[in-house]
Amino acid sequence: MSIEAPVAPTTLPMLQVDGFSKRFGEVQANSDVRFDVHAGEVHALVGENGAGKSTLLKMVYGVYEPDEGRMLIDGEPVALGSPAAARSRGVGMVFQDLRLVPAFTVTENIALAANPGPVLRLKDLAAEIAEASARHGLAVHPNARVRHLSIGERQRVEILKVLMTGARLIILDEPTSVLAPQEVDALFAVVRQLTEAGFGIVIVTHKLGEVRAIADRVTVLRAGRTVLHGVDPDDYDDEQLIEAMVGRAVPALPAERGPVPPSDVPALELTGVSSRGDRGHEALTDISLRVQPGELVGIAGVAGSGQRELCEVALGLRPTTSGEVRIGGASVDSARDAIGAGAASVPEDPVADSVVRRLTVLEHMGLDGRRIPARGLGVDWAAVRARMTDADARLGLRIAPAKRRLSELSGGNIQRVILTRELALDSSLVVAAYPSRGLDVANARRTQEVLLERRAAGSGVLMVSEDLDELMALADRIVVMHDGHVSGEVLAADFDRQAIGRLMVGGTS
Ligand SMILES: Nc1ncnc2c1ncn2[C@@H]1O[C@H](COP(=O)(O)OP(=O)(O)OP(=O)(O)O)[C@@H](O)[C@H]1O
């Protein structure tokens, strides 16, 4: 006779959330949400844009107070009224928008957060940082100035900062959305090391591949409710997880698409273009590139290889030091020229580059650089609203209500406003930098479809992405950049991850 071993008493979760609810005006951002995290595990939190993930985590971190529900830390009910209170209970959070002072060194930034007492001994702190950085595999130099660090390095500083303020539970809000693939691998190595050392980690992500790569359990939120609570991701296939997130199946992209029509005038042509970066260095060297009408050209490269400068030069936003830019045959020297020639653009970082946070969704619809419909001496808001409703209906990215301020929207919802405004335009050229960044699965897929629709309508599309799978699924051709140069070009029929990867690091295909 076999006797079932009694289920071992589980250790108390580090964090337990029971029935959190939170309302913002008309929006029920969380309804009766459950969530828990144990020491030594990675718990992924997933869901569509606006599902309520950030709201839940901000309540855990004491930024917002829940309207209802309670939270336990190590089994003890707590009411955290502030992030400082959360930190004192061992809860730390790394936000999507990294909050470091660029002009300060790593040590100075950590000193600001650590608040070590009346006499600030930066030398001692620097030694502690070096020790913690070695112990947790977070390579950063204590004396480096933050402004000189890459995004991946800045994120490591944030994690160190959180660790050094005593966190045992670390919340990472969409940490990979700004990282290149190699940086994601490095981050996950750090996360594994932390869980082995007994830390609890919460990670928000939109990528199922990342859930599978790093998470022990996953919770799915939809419209503010817990749809799946703390399940093992291996028990669900991708379709099931997507359906839990979106409430329906998401169709695959069409595999077949027509050939690029022959044309004498390229939608975009760069001839021998060089340009300087923000630090005065040569960021682009002798770039020659063509995008035909009805062609989608992907730009691949490790982060910082000149992609940003390339998009800006193509849109007349950055001066060239030599060479020529033409859109639809017309020479481009300014943003006005580019818009006049029919260019639409999705910037790399819409929050920094094209969003005024206190303005509403409707007001942003009028901010595309084109003529605003006028009524007498004022703006014809009814016409702007009609344009917005039409764009939203055609694109189907379901943007937030017209009167919402952008400061109230999540990153993914802001991205959808910009995408809807720009991709609904009847443009001859679309320059899209990381268009699906921060978007959930369904909206990322719809954005990809819209880019293919722009291509089918005869626009030239230049698209930068860090996601090779996305580029290979969409592009007719991939141009690879390395260190400000074009290091190679691969046609759709010859797409090969390894070959593109070699070009990305400056080798040959
Ligand atoms: N401070 C706020 N004021 C008003 N509404 C808010 C505020 N914060 C969030 N919301 C709204 O609450 C809902 C949930 O937003 P939340 O940011 O929690 O979603 P999310 O799942 O984190 O989304 P994303 O994946 O896009 O980051 C959304 O409709 C959002 O617009």
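Residues numbered from 1 in each chain as written. Predicted model: local features only at pLDDT ≥ 70, side-chain atom pairs only at ≥ 80, totals over all residues. Heavy atoms only, no water.

1. A few points about a negative patch on the surface
Now for step 1: Residues Asp216, Asp232, Asp234 and Asp235 make up a contiguous surface patch of negative charge.
Now for step 2: Residue position: Asp216 is located in the loop between helix H7 (208-214) and strand S9 (217-222).
Now for step 3: Since its relative accessible area comes to 39%, Asp216 is described here as partly exposed. (Patch = residues over 30% accessible without salt bridge, like charges linked within 9 Å, V, L, I, M, F, W, Y side chains within 5 Å. Areas by Shrake-Rupley, 256 points an atom, 1.4 Å probe, with all protein chains shown as cover. Salt bridge = Lys/Arg side-chain N within 4 Å of Asp/Glu carboxyl O. Lys, Arg positive; Asp, Glu negative; His and termini not counted. Charge placed at Lys NZ, Arg CZ, Asp CG, Glu CD. Helix = DSSP H or I, 4+ residues; strand = E, 2+ residues; numbered from the N terminus. Buried < 20%, exposed > 50% of the residue type's maximum accessible area, 1.4 Å probe, protein only.)

2. Quick word on the UniProt feature "domain: ABC transporter" (unreviewed entry) in the chain
Now for step 1: Within the UniProt annotation, "domain: ABC transporter" (unreviewed entry) is assigned to residues 15-248 and 268-508.
Now for step 2: End-to-end, the C-alpha atoms of residues 268-508 are 26 Å apart, and along that stretch the chain is 34% helix and 26% strand. (UniProt positions renumbered as here; feature names shortened; annotations may be inferred.)

3. Considerations on the sheet that holds strand S4 (residues 68-73)
Now for step 1: On the basis of which strands lie adjacent, the open sheet formed by four strands has the order S2-S1-S4-S5 and antiparallel pairing. In the strand order of this sheet, the two ends are held by strand S2 (27-37) and strand S5 (76-78), each with one partner. In this sheet, neighbouring strand axes are inclined to one another by 30 degrees on average, regardless of whether the strands run parallel or antiparallel.
Now for step 2: Here strand S1 (residues 15-24) runs beside S4; their pairing, made up of five bridges, is antiparallel. The partner of Val17 across the bridge, within S4, is Met71.
Now for step 3: Helix H1 (residues 53-60) contacts S1, S2 and S4 of the sheet and is inclined by roughly 120 degrees relative to S1. (Pairing = 2+ DSSP bridges. Axes fitted to C-alpha atoms, helices over the stretch in contact; angles between N-to-C directions. Contact = heavy atoms within 4.5 Å.)

4. Structural notes on the pairing of strand S13 (residues 296-300)
Now for step 1: With respect to burial, S13 is a largely interior element, five of its five residues being buried.
Now for step 2: The side-chain alternation of S13 yields two buried faces, one formed by Leu296, Gly298 and Ala300 and the other by Val297 and Ile299.
Now for step 3: Summarising the sheet, S13 and strand S20 (residues 460-464) pair through four bridges and their orientation is parallel. Bridging from a neighbouring strand, Gly298 pairs with Met463 of S20.
Now for step 4: In the sheet, S13 pairs with strand S21 (residues 477-482) via four bridges, with the strands oriented parallel. Looking across to S21, one finds that Gly298 is bridged to Ile478.

5. A few points about the nonpolar core
Now for step 1: Counting 50 residues, the largest nonpolar core has Ile159, Ile170, Leu194 and Ile201 as the members making the most contacts within it.
Now for step 2: With six residues, the single largest contributor to this core is helix H6 (residues 181-196).
Now for step 3: Once residues within four sequence positions are removed from consideration, Leu194 is found in contact with His136, Ile159, Leu163, Ile170, Phe199 and Ile201.
Now for step 4: If you look at the next biggest cluster of nonpolar residues, it comprises 30 residues, including Leu423, Ala424, Val450 and Ala475. (Core = buried A, V, L, I, M, F, W, Y, C linked by side-chain atoms within 4.5 Å.)

6. Some words on the domain arrangement of the chain
Now for step 1: Here the chain is described as being made up of domain 1 (15-246), domain 2 (252-342 + 427-509) and domain 3 (354-425).
Now for step 2: Here the C-alpha centroids of domain 2 and domain 3 sit 25 Å apart.
Now for step 3: Opposite the 16 residues of domain 2 that make contact, domain 3 presents 14 residues.
Now for step 4: At the boundary of domain 2 with domain 3, total buried surface from both sides reaches about 1,100 Å², with 57% on carbon and sulfur atoms. (Domains from an automatic or database assignment. Buried area = accessible area lost by both parts, 1.4 Å probe.)

7. Digging into the site of the ligand
Now for step 1: Within the structure, the ligand sits among 18 residues, and Gly50, Lys53, Ser54, Thr55 and Ser410 are positioned closest to it.
Now for step 2: About the coverage of the ligand: the protein hides 86% of its 630 Å² of free accessible area.
Now for step 3: Sorting elements by how many residues they give to the shell around the ligand places H1 first, with three residues.
Now for step 4: Within the shell around the ligand, the residues separate by chemical class into five nonpolar, eight polar and five charged.
Now for step 5: Here the shell around the ligand gathers at least three residues from each of two domains, domain 1 (15-246) and domain 3 (354-425). (Near = heavy atom within 4 Å. Nonpolar A, V, L, I, M, F, W, Y, C, P; charged D, E, K, R; others polar.)

8. Re unusual backbone geometry
Now for step 1: Positioned with a positive phi, Ala223 is a non-glycine residue whose angle comes to about 50 degrees.
Now for step 2: Checked against the element boundaries, Ala223 lands in the loop between S9 and strand S10 (225-231).
Now for step 3: By relative accessible area, which is 60% here, Ala223 ends up exposed.
Now for step 4: Phi is positive for Arg398, close to 45 degrees, though the residue is something other than glycine.
Now for step 5: With respect to the helices and strands, Arg398 occurs in the loop between helix H13 (381-395) and helix H14 (411-423).

9. Remarks on a nonpolar patch on the surface
Now for step 1: Taken together, the side chains of Val101, Phe104 and Leu112 make up a nonpolar region of the molecular surface, amounting to roughly 240 Å² of accessible area.
Now for step 2: Within the fold, Leu112 resides in helix H3 (residues 106-114).

10. Observations concerning the sheet that holds strand S19 (residues 429-433)
Now for step 1: With mixed pairing, six strands are arranged side by side in an open sheet as S16-S19-S20-S13-S21-S22. Two strands in the sheet have a free side with no partner beyond their single neighbour: strand S16 (343-346) and strand S22 (485-491). The average undirected angle you get between the axes of adjacent strands in this sheet is 15 degrees.
Now for step 2: Across five bridges, S19 lies against S20 in parallel orientation. Its bridge partner being in S20, Leu429 is matched across the sheet by Gly460.
Now for step 3: Where H14 meets the sheet, it contacts S16 and S19, and its direction lies at approximately 170 degrees from that of S16.
Now for step 4: Docked against the sheet, helix H15 (residues 441-456) engages S13, S19 and S20, running at close to 150 degrees with respect to S20.

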